[in-house]
Amino acid sequence: MTLALAGSEAAARLDKSLAAGIAGLNPDSLLVKSEFLFDIAAFLKDEPGLNFNYLVHITAIDYCDYFELVYHLVSLKHNHSLVIKTRCTDRKTPTIPSVVSLWRGAELQEREIFDLMGINFEGHPNMKRIFLWEGFQGHPLRKDFTDGS
Amino acid sequence: MEVGKGHVYSGAELDIHEGKMIEELKERSRDIIPDPDSWLTDELRQNILLTTVDAALNWARRTAIWPVISFPACCAFEFMGAAASRFDISRFGMEIVRASPRQADLMITAGTLTWKMAPQIKRLYDQMAEPKWVIAMGACGISGGVFKGSYSVVPGYNHIVPVDVYVPGCPPRPEALLYGIQMLREKIKRRKSFVEEKK
């Protein structure tokens, strides 16, 4: 069975230069600062002992005070998994670094999050709506979304 | 429109065109298209004035209704159940489900319709040759069902196309669909093409 790494286990194996990016450790996840997200993700992917070469999915949650993004990573080589989370407090123009250049599978999922939550992924090759049409007003999965009707 | 301003995110002509098309259709589809149900009220007159030509034509039409493929969601599975050997709609001469709307007479709207899909359904309907009929299958097809009031779901196919028969259920059993088809056959039976409407 796939071994789920605790936040502290993953944090202990992180490079020293990335230690400043850790914002919190949970038994089930590793909370990182959004500006360090890309560097930490790249390290988790490339470090031979960790080698998270597969991104299972990304999701976003609106907690009203902040947005939280959840990344589920799996290493097909070592058969272990890790959950990393990051937060974004800016509601007006929330911006998170894109991980498309690391895991190509993130492309459509980041577009979906952009479409429904309005989170902008910096560095995404094609940041536009995916389910809704151009000209749709607002981002419907936000807690403060109103239809207008 | 400028990319990155307001609600415009894509500069691609295709996206902008699609967005405009959907917004226009949404604006036009605020009101429900009235059901073509006049045949119910003047039943007697229609029965009396039916000509032999009409009777022959209607027999031909109702015994070979070919549905078009327009199944956006889960009611399609009940349609498949109805089409397969157990319930077998080929008993009514409709075993051929056409991939081309130009060869079809009936649209069975099996499933939830989103605004993004609505222009395509409208186009399918417009491409079907007259005479044509529509069965709204399932709660979503009738009124939007559990998704009524959602930001992306059309509250009933009758905002987009005129509906002849409504089959309730979520999803309706194949028996219910068969009953709906029988009702439609009854309607086609009373159709008159060659008799002038008396005011």
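Scroll up a little and you will see the structure.
Residues numbered from 1 in each chain as written. Chains lettered and ligands numbered in written order. Predicted model: local features only at pLDDT ≥ 70, side-chain atom pairs only at ≥ 80, totals over all residues. Heavy atoms only, no water.

**Here we look at the overall build of chain A**
Of regular secondary structure, chain A possesses three helices and eight strands. Secondary structure elements of chain A occur, N-terminal to C-terminal, as β-α-β-β-α-β-β-β-β-α-β. Computed over C-alpha atoms, the radius of gyration of chain A comes to 16 Å, within 12% of the 15 Å expected from 2.2 N^0.38 for 149 residues, which places it in the range of a compact globule. Out of the 149 residues in chain A, the part that is buried amounts to 51%. Within chain A, counting contacts between residues at least 6 apart in sequence, those at least 24 apart form 48% of the total. Taken as two groups, the 15 positive and 19 negative side-chain charges of chain A have centres that lie 1 Å from each other. (Helix = DSSP H or I, 4+ residues; strand = E, 2+ residues; numbered from the N terminus. Rg over C-alpha atoms; globule rule 2.2 N^0.38 Å. Buried < 20%, exposed > 50% of the residue type's maximum accessible area, 1.4 Å probe, protein only. Contact = heavy atoms within 4.5 Å. Lys, Arg positive; Asp, Glu negative; His and termini not counted. Charge placed at Lys NZ, Arg CZ, Asp CG, Glu CD.)

**Some remarks on the packing of aromatic side chains**
Residue and element names in this part refer to chain A. All told, the structure shown has six aromatic pairs over all chains when counted by the stated rule. A ring pair is formed by Trp 133 and Phe 136, whose centres lie 5.3 Å apart and whose planes are at 90 degrees; its orientation type is edge-to-face. Each of the two residues, Trp 133 as well as Phe 136, counts as buried. (Phe/Tyr/Trp six-rings, centres within 6.5 Å; stacked < 30°, edge-to-face > 60°.)

**Thoughts on the interface of chain B and chain A**
Counting residues at the interface gives 16 residues for chain B and 18 residues for chain A. Around 1,400 Å² of area is buried between chain B and chain A when both sides are counted, 57% of it from carbon and sulfur atoms. The interface formed by chain B and chain A holds one salt bridge in total. Across the pair Lys 128 of chain A and Asp 15 of chain B runs a salt bridge whose closest N-O atoms are separated by 2.5 Å. Across the chain B-chain A interface, the total number found is four residue pairs in polar contact (both at pLDDT 80 or more). Split by residue class, the side of chain B that touches chain A holds six nonpolar, six polar and four charged. (Buried area = accessible area lost by both parts, 1.4 Å probe. Salt bridge = Lys/Arg side-chain N within 4 Å of Asp/Glu carboxyl O. Polar contact = N/O pair within 3.5 Å; in protein donor to acceptor, adjacent residues only side chain to side chain. Nonpolar A, V, L, I, M, F, W, Y, C, P; charged D, E, K, R; others polar.)

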